[in-house]
Amino acid sequence: LSGGEQTSSDNDKDDPIVGGSMTVKDKDGTVFVQSTDGTWTMQGEDGQTAQLGGNWPDNEFTRLVPKPGFKLAGASTSEDEFSAAFQSIDVDQIKAYAEQVKASGFTVDAEEEDQNVYGVVVYTYSAYNADGYCVEITFANGTSGITISK
């Protein structure tokens with residue numbers, strides 16, 4: 001981050017990060033923010049955002065599905081798509097979440113795969129809702145996530 005500027009918000013003037021947030025704007029226009037909960041977000045001039053850790057984001061895509069009860073590893077949002085990776089969940093938890101997503105209306109052209117290949121557990125669920133949004137939920141040997149797209 002060279003050539004950027006830094007701002008912070010806090011009541012403690014001696015240490016601007018403790019208890020507050022920090023914003024850094026790089027010379028290319030990319031804005032990095034560290035929130036009070038430790039979450040890092042990045043927003044490019046093109047409007048695409050990325051997030052490391054933190055809470056489930058609120059956007060047009062995430063409002064289409066139930067908020068998962070999993071810890072978020074990271075997420076990214078663009079004009080056409082939202083993707084998130086989850087931490088520390090098992091295949092039964094992702095299957096239960098897929099059932100919640102189905103109940104929220106993602107049932108058009110549904111495809112589901114559930115298999116164990118040479119000890120690798122793989123689960124996927126994909127479907128559209130009535131408005132044409134597509135959801136893909138994946139789990140493969142401990143790695144899991146969701147993608148919602150237009």
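Nothing here was measured: the structure is a model prediction, and the numbers come from that model.

Rules used throughout
- Residues numbered from 1 in each chain as written.
- Predicted model: local features only at pLDDT ≥ 70, side-chain atom pairs only at ≥ 80, totals over all residues.
- Heavy atoms only, no water.
- Patch = residues over 30% accessible without salt bridge, like charges linked within 9 Å, V, L, I, M, F, W, Y side chains within 5 Å.
- Areas by Shrake-Rupley, 256 points an atom, 1.4 Å probe, with all protein chains shown as cover.
- Salt bridge = Lys/Arg side-chain N within 4 Å of Asp/Glu carboxyl O.
- Lys, Arg positive; Asp, Glu negative; His and termini not counted.
- Charge placed at Lys NZ, Arg CZ, Asp CG, Glu CD.
- Buried < 20%, exposed > 50% of the residue type's maximum accessible area, 1.4 Å probe, protein only.
- Core = buried A, V, L, I, M, F, W, Y, C linked by side-chain atoms within 4.5 Å.
- Helix = DSSP H or I, 4+ residues; strand = E, 2+ residues; numbered from the N terminus.
- Contact = heavy atoms within 4.5 Å.
- Polar contact = N/O pair within 3.5 Å; in protein donor to acceptor, adjacent residues only side chain to side chain.
- Pairing = 2+ DSSP bridges.
- pLDDT = per-residue confidence, 0-100.
- Phe/Tyr/Trp six-rings, centres within 6.5 Å; stacked < 30°, edge-to-face > 60°.
- Expected span 1.5 Å × (residues − 1).
- Arc of directions from axis to C-beta.

Colleague: Which parts of the structure should I look at to understand a negative patch on the surface?
Modeller: Residues Glu 79, Asp 80, Glu 81 and Glu 136 make up a contiguous surface patch of negative charge. Given the relative accessible area of 36%, Glu 81 is considered partly exposed.

Colleague: What is the right way to look at the nonpolar core in this model?
Modeller: By size, the foremost hydrophobic cluster in this structure holds 25 residues, and its most contacted members are Trp 56, Ile 94, Ile 137 and Ile 146. Where this core is concerned, the elements lending two or more residues are strand S6 (71–77), strand S7 (81–87), helix H1 (91–103), strand S9 (120–128), strand S10 (134–140) and strand S11 (143–149). It is H1 that contributes the most residues to this core, 5 residues altogether. With near-sequence residues (within four places) excluded, Ile 146 lies in contact with Trp 56, Val 65, Phe 82, Ser 83, Ala 84, Phe 86, Tyr 97, Val 135, Glu 136 and Ile 137.

Colleague: When you look at the environment of Asp 90 in this model, what are you seeing that I'm missing?
Modeller: In this structure, Asp 90 sits in the loop between S7 and H1. Along the backbone, Asp 90 and Val 121 are 31 residues apart, and their C-alpha atoms lie at a distance of 9.8 Å. A distance of 3.0 Å separates the side chain of Asp 90 from the backbone nitrogen of Asp 92, its partner in a polar contact.

Colleague: I would appreciate a short explanation of the pairing of S6 in the present structure.
Modeller: Regular strands show a simple pattern: their side chains alternate between the two faces of the sheet. Judged from the 4 bridges that link them, strand S5 (residues 49–52) and S6 form a sheet pairing that is antiparallel. Note that in S6 the partner of Gln 51 across the bridge is Ala 75. Sheet analysis places S6 next to S7, joined by 6 bridges and oriented antiparallel. Looking at S7, one finds that Ser 76 is bridged to Ser 83. Counting the residues between successive antiparallel strands, the hairpin from S6 to S7 contains 3 residues.

Colleague: Sorry, what's going on with the confidence of the model for the protein chain here?
Modeller: Reading predicted coordinates in detail is not appropriate for stretches of low pLDDT. Scored by pLDDT, the protein chain has a mean of 85; 87% of the residues are at 70 or more. A low-confidence stretch, residues 1–18 (pLDDT under 50), is modelled with 33 contacts involving residues beyond four sequence positions or located in other chains.

Colleague: Looking at this structure, how should I read the packing of aromatic side chains?
Modeller: Under the criterion given, the structure shown has 6 aromatic pairs. Taken together, a centroid distance of 6.1 Å and an interplanar angle of 75° make the contact between Phe 61 and Tyr 133 edge-to-face. One end of the pair, Phe 61, is in the loop between S5 and S6; the other, Tyr 133, is in the loop between S9 and S10, and 72 residues separate them in sequence. A single burial state applies to Phe 61 and to Tyr 133, both of which are buried. Put simply, the rings of Trp 56, Phe 70, Phe 82, Phe 86 and Tyr 97 pair up and form one aromatic cluster.

Colleague: Just checking my understanding: could you explain H1 for this structure?
Modeller: Structurally, the α-helix is built with 3.6 residues per turn, so residues lying three or four positions apart point the same way. With 13 residues, H1 should reach 18 Å at 1.5 Å per residue; the first-to-last C-alpha distance of 19 Å fits that figure. Every buried residue of H1 is listed here: Val 91, Ile 94, Tyr 97, Ala 98, Val 101 and Lys 102. Down the axis of H1, the sector holding all buried residues measures 150°, keeping them to one side. For H1, the exposed residues set more than 90 degrees away from the buried face come down to Asp 92 and Ala 103. Tucked inside the fold, the buried residues of H1 contact S7, strand S8 (108–117), S9, S10 and S11. At the C-terminal side of H1, Gly 105 shows a positive phi close to 115°.

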